[in-house]
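So you can see what is in the structure, the chains are spelled out below.
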Amino acid sequence: MTGGMICGDPSIIGEVVGDVPGKLKGCGINDAVKVRAVSGVVLSQGAVVECETAKALKTWLDTGVKPAFSGVGGGISKLRVAAHYSCRTRNHKKGAKISEHGKGRAIDISGFTTKDGNEYSVLSDYGKGKAGKAIRHSHKAACGPFGTTLGPKSDGYHEDHLHMDTARYRSGTYCR
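Predicted, not measured: the structure shown is a model, and the values here were computed from it.

Cut-offs used in this document
Residues numbered from 1 in each chain as written. Predicted model: local features only at pLDDT ≥ 70, side-chain atom pairs only at ≥ 80, totals over all residues. Heavy atoms only, no water. 1 Å grid on protein atoms, 1.4 Å probe; cavity = no way out; pocket = protein on both sides within 12 Å on 5 of 7 lines; lining within 4 Å. Points joined across faces, edges and corners; volume = space filled by probe spheres on them. Helix = DSSP H or I, 4+ residues; strand = E, 2+ residues; numbered from the N terminus. Nonpolar A, V, L, I, M, F, W, Y, C, P; charged D, E, K, R; others polar. Buried < 20%, exposed > 50% of the residue type's maximum accessible area, 1.4 Å probe, protein only. Phe/Tyr/Trp six-rings, centres within 6.5 Å; stacked < 30°, edge-to-face > 60°. Lys NZ or Arg CZ within 6 Å of the ring centre and 35° of its normal. Disulfide = S-S within 2.5 Å. Contact = heavy atoms within 4.5 Å. Core = buried A, V, L, I, M, F, W, Y, C linked by side-chain atoms within 4.5 Å.

Caption draft 1: Geometry of empty space enclosed by the protein. For the coordinates displayed, the defined rule picks out one cavity of 30 Å³ or more. As a volume, the largest cavity reaches approximately 40 Å³. Contributions of two or more residues to the lining of the largest cavity are made by strand S4 (41-49) and helix H1 (51-68). Here the residues of the lining of the largest cavity are counted per class, giving seven nonpolar, one polar and no charged.

Printed below as a string of structure tokens:
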């Protein structure tokens, strides 16, 4: 694993990317980082995000995912990252607002790997058996550390992954 401590936290491993300009108005990240591992859990690909999002990911892993997977396959070892920074509109719809992905404030997780090597996907395993219940619990636990949490049955766009972003709204968190 390459990289060192970032975002002022020794449990967040990766590298500083710096400013990422956007192709569309409203996209881009100031002071971006590429996260490779958090709290000992490896990401399947480096996720380019801002530090606030990296820290929310750490909180979610420590308080939600690790406890949920504590009795499954020896615990969690890896997250399958489906998406991170991408300068685009919400749900790729023309004319829509810029996605939180386009601001470095979002990460999508589509799968979980346990220490015994078993892989579980949001699409196939959500809510089914012990691992599926751990995924469902992880989904619910993202509400709070993240401002928006979307997953299966939320809106038809998130059946195969958990979308989590650090957008904040006056009305509080938005979790579906």
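Caption draft 2: Highlighting unusual backbone geometry. Although it is not a glycine, histidine 92 sits at a positive phi angle of roughly 60 degrees. Residue classification places histidine 92 among the exposed positions, given a relative accessible area of 59%.

Caption draft 3: Here's a closer look at the packing of aromatic side chains. According to the stated counting rule, one finds two aromatic pairs in the structure shown. Between the aromatic rings of phenylalanine 69 and phenylalanine 112, the centroid separation amounts to 5.2 Å while the plane-to-plane angle is 20 degrees, which identifies the pairing as stacked. Of the two residues, phenylalanine 69 sits in the loop between H1 and strand S5 (76-83) while phenylalanine 112 sits in strand S6 (residues 106-114), which places them 43 residues apart along the sequence. For phenylalanine 69, a relative accessible area of 0% corresponds to the buried category. The structure contains a cluster of three or more aromatic residues connected by ring pairs, namely Trp60, Phe69 and Phe112. When the ring centre of tyrosine 174 is taken as origin, the NZ or CZ atom of arginine 176, which lies over that ring, is 4.3 Å away.

Caption draft 4: Here's a closer look at the state of the cysteines. The full count for this structure, using the stated rule, is three disulfides. Shown here is the disulfide that connects cysteine 7 with cysteine 51, its sulfur atoms set 2.1 Å apart. Negative torsions about the S-S bond denote left-handed disulfides, and the value of about -85 degrees found for cysteine 7 with cysteine 51 makes this one left-handed. With a gap of 44 residues between them, cysteine 7 in the loop between strand S1 (4-6) and strand S2 (9-21) and cysteine 51 in helix H1 connect regions that are remote in the sequence. Cysteine 27 shares a disulfide with cysteine 87; S-S distance 2.3 Å. Here the disulfide of cysteine 27 and cysteine 87 is right-handed, its torsion about the S-S bond being about 100 degrees. Of this pair, cysteine 27 sits in the loop between S2 and strand S3 (28-38) while cysteine 87 sits in the loop between S5 and S6, and the two are 60 residues apart along the sequence. With respect to class, cysteine 27 is no different from cysteine 87; both count as buried. Along the protein chain, the cysteines that take part in disulfide bonds pair up as 1-3, 2-4, 5-6, counted in sequence order.

Caption draft 5: Structural detail: the environment of lysine 55. For lysine 55, the location among the structural elements is in helix H1. Distance from lysine 55 to arginine 168, taken between C-alpha atoms, is 15 Å for residues 113 residues apart in sequence. Setting aside anything within four residues of it in sequence, one finds lysine 55 in contact with Cys7 and Ile12.

Caption draft 6: Fine view of the nonpolar core. Within the largest apolar cluster, 35 residues are counted, with the highest numbers of intra-cluster contacts made by Val35, Leu57, Trp60, Phe69, Leu79 and Phe112. Of all elements in the fold, only S3, S4, H1, S5, S6, helix H3 (129-141) and strand S9 (162-165) reach the threshold of two or more residues within this core. Top contributing element to this core by residue count: H1, with seven residues. When neighbours within four sequence positions are excluded, valine 35 is seen to be in contact with Ile6, Ile12, Ile13, Gly14, Leu43, Gln45, Gly46, Ala47, Val49 and Ala54. If you look at the next biggest cluster of nonpolar residues, it comprises eight residues, including Ile29, Val48, Tyr85 and Cys87.

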